[in-house]
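Commentary on secondary and tertiary structure
Chain residues, written in single-letter form:
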Amino acid sequence: MNNAIIVFTGTSIDLKSGKKILGDLALFFPPIKRGDISEITRKYGQPGVIVIIDGFYYNNLSVSLTEIREAIKLGWKFYGASSMGALRAVEANIIGMKGFGKVYRWLKLFNVCDDDEVAQVVNPQTCQPLSLSMIEIRYIVRHLRLNKLITRQLSTVILNKMKALYFPERTEPNLIRLLKENSFLSSEFININCKKIIQLNNIKNMDAVMLLEKIKKKYLYECETL
Amino acid sequence: MAKIIIPTPLRHLIHDHSEIIIECNELSDIINTLKKDYPQFCNQIFSENYKLKPFIRIYLNSELICISNELKLKSDDEIIIVCALAGG
């Protein structure tokens, strides 16, 4: 395939890890914002593939459904996962954008099109996440519940309290503080294990890696149908 | 003494300096100096009770930290104030 593969990411998966998977097969851009798609379609005349993983919200206008629809009409293929990509894939599924991963399936299952579930604050220079998104918190709390580290009742309390916070305040220290205040687990156990559990249950990252691997298989080895 | 790196959007509140050096032993010294010398800048990064505003993050020597007044500082510490963006 000679047409361009464009990937918008930087938060769910860092640039270095993304490039490690796709190498020279794709061109990497920072998280998507409104206007980026038209710029890409103008720049690369021949339709190719656009992979949306991360995007910007609030401070910038987020990528719109109309932009995706217009590019699909021109022949561009769209794939989404992890964060903004999963959210837009749920909304634009009907017009041909394909979504992948647990975040996408979860949002689709519960018919969630709410930015608040995937939004977090990021460092503007590095795009590194500086808070946890609600969807990540749900996955971490689920892991704690399934491993019988917290009760179902407590998981509901923690999720409700985290959801009630303004999204930039949904941070790792705040989640750990809530666990310390409410669970039977010792502070020592929480201090030692929670950071590890949070890192191992980075659902956005897992989905991003999975989608990029799929893109690689399809467009490099042409052995998988996306 | 610590070096404070100021984020571009807030530099106009600090006479366009990209960084300032503040004599300090702990974080509360920095907060007090900023409060006295640059009150407008302080209003932009702190809410009530000197809690950081939601989009502001602080790095101490490249490590993301939580604000605590008792935090001890060394003479060559570098503090970076970041105005975060909403993304993901």
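Structure report, in brief. (Residues numbered from 1 in each chain as written. Chains lettered and ligands numbered in written order. Predicted model: local features only at pLDDT ≥ 70, side-chain atom pairs only at ≥ 80, totals over all residues. Heavy atoms only, no water.)

1. As for the overall build of chain B
- Each helix and strand counted, chain B has 2 helices and 6 strands in total.
- When the elements of chain B are put in sequence order from the N terminus, they spell out β-β-α-α-β-β-β-β.
- Reported as C-alpha extents along the three principal axes, the dimensions of chain B are approximately 35 × 30 × 25 Å.
- By residue count, 45% of the 88 residues in chain B fall in the buried class.
- In chain B, the proportion of contacts linking residues at least 24 apart, taken out of those at least 6 apart, comes to 44%.
- Working note: accessible area of chain B is about 4900 Å², and carbon and sulfur atoms make up 49% of it.
- One way to put it: in chain B the 9 positive side-chain charges average out to a point 5 Å from where the 12 negative ones average out. (Helix = DSSP H or I, 4+ residues; strand = E, 2+ residues; numbered from the N terminus. Buried < 20%, exposed > 50% of the residue type's maximum accessible area, 1.4 Å probe, protein only. Contact = heavy atoms within 4.5 Å. Areas by Shrake-Rupley, 256 points an atom, 1.4 Å probe, with all protein chains shown as cover. Lys, Arg positive; Asp, Glu negative; His and termini not counted. Charge placed at Lys NZ, Arg CZ, Asp CG, Glu CD.)

2. Some remarks on the sheet that holds strand 3 (residues 49-52) of chain A
Residues and elements named next belong to chain A.
- One open sheet accounts for 5 strands, arranged 2-1-3-4-5; its pairing is parallel. Strands with a single pairing partner mark the edges of an open sheet, and in this sheet they are strand 2 (27-29) and strand 5 (98-100). On average, each strand axis in the sheet is tilted by 20 degrees relative to the strand beside it, whichever way the strands run.
- One ladder, built from 4 bridges, connects strand 3 with strand 4 (residues 77-81); its direction is parallel. For I52, the partnering residue across the bridge sits in strand 4 and is G80. (Pairing = 2+ DSSP bridges. Axes fitted to C-alpha atoms, helices over the stretch in contact; angles between N-to-C directions.)

3. Let's talk about the environment of A:F8
- Along the chain, the position of A:F8 falls in strand 1 (residues 5-8).
- On the accessibility criterion, A:F8 (1% relative accessible area) is buried.

4. Section: the sheet that holds strand 1 (residues 2-5) of chain B
Residue and element names in this part refer to chain B.
- On the basis of which strands lie adjacent, the open sheet formed by 5 strands has the order 2-1-5-3-4 and mixed pairing. Here the strands that pair on one side only, and so sit at the sheet edges, are strand 2 (19-22) and strand 4 (63-65). Neighbour-to-neighbour, the strand axes of this sheet turn through a mean angle of 30 degrees, independent of strand direction.
- Note that strand 3 (residues 56-60) and strand 5 (residues 77-83) share 5 bridges and pair antiparallel. Bridge pairing in strand 5 places Y59 opposite I80.

5. A closer look at the environment of B:I21
Residues and elements named next belong to chain B.
- On the secondary structure map, I21 appears in strand 2.
- Judged by its relative accessible area of 51%, I21 is exposed.
- Separated by 13 residues in sequence, I21 and T8 have C-alpha atoms that sit 17 Å apart.
- In contact with I21, not counting residues within four places along its chain, are M1, A2 and K3.

6. A short note on the layout of surface pockets
- Volume-wise, the largest pocket comes out at about 1400 Å³.
- A:L130, A:T171, A:E172, A:P173 and B:L64 are, among the 46 residues lining the largest pocket, the residues nearest its centre.
- Looking at the lining of the largest pocket, the elements that each hand over two or more residues are helix 6 (134-146), helix 8 (172-182), helix 9 (187-200) and helix 10 (203-219) of chain A together with strand 3 and strand 4 of chain B.
- Here the lining of the largest pocket is composed, by residue class, of 20 nonpolar, 14 polar and 12 charged. (1 Å grid on protein atoms, 1.4 Å probe; cavity = no way out; pocket = protein on both sides within 12 Å on 5 of 7 lines; lining within 4 Å. Points joined across faces, edges and corners; volume = space filled by probe spheres on them. Nonpolar A, V, L, I, M, F, W, Y, C, P; charged D, E, K, R; others polar.)

7. Here we look at the interface of chain B and chain A
- Chain B puts 14 residues into the contact, and the matching count from chain A is 27 residues.
- Of the roughly 1500 Å² buried between chain B and chain A, counting both surfaces, carbon and sulfur atoms make up 60%.
- Three residues, B:L85, B:A86 and B:G88, lead the burial of chain B against chain A; their summed loss comes to 40% of the area buried on that side.
- Counting across the interface, chain B meets chain A through 1 salt bridge.
- Residue A:E169 is joined to B:K51 by a salt bridge in which the shortest nitrogen-to-oxygen separation is 3.9 Å. (Buried area = accessible area lost by both parts, 1.4 Å probe. Salt bridge = Lys/Arg side-chain N within 4 Å of Asp/Glu carboxyl O.)

8. Remarks on the pairing of strand 1 of chain B
Residue and element names in this part refer to chain B.
- Relative to strand 2, strand 1 is paired through 4 bridges, and the arrangement is antiparallel. Across the sheet, the residue bridging to A2 is I22, located in strand 2.
- Bridge count between strand 1 and strand 5: 4 bridges; the pairing is parallel. Within the sheet, the bridge partner assigned to I5 lies in strand 5 and is I80.

9. Section: unusual backbone geometry
Residues and elements named next belong to chain A.
- Despite not being glycine, Y58 has its phi angle at roughly 45 degrees, a positive value.
- Here Y58 shows up in the loop between strand 3 and helix 3 (65-73).
- Unusually for a residue other than glycine, S82 sits at a positive phi of about 75 degrees.
- Here S82 lies in the loop between strand 4 and helix 4 (84-92).

These figures capture arrangement, not role.
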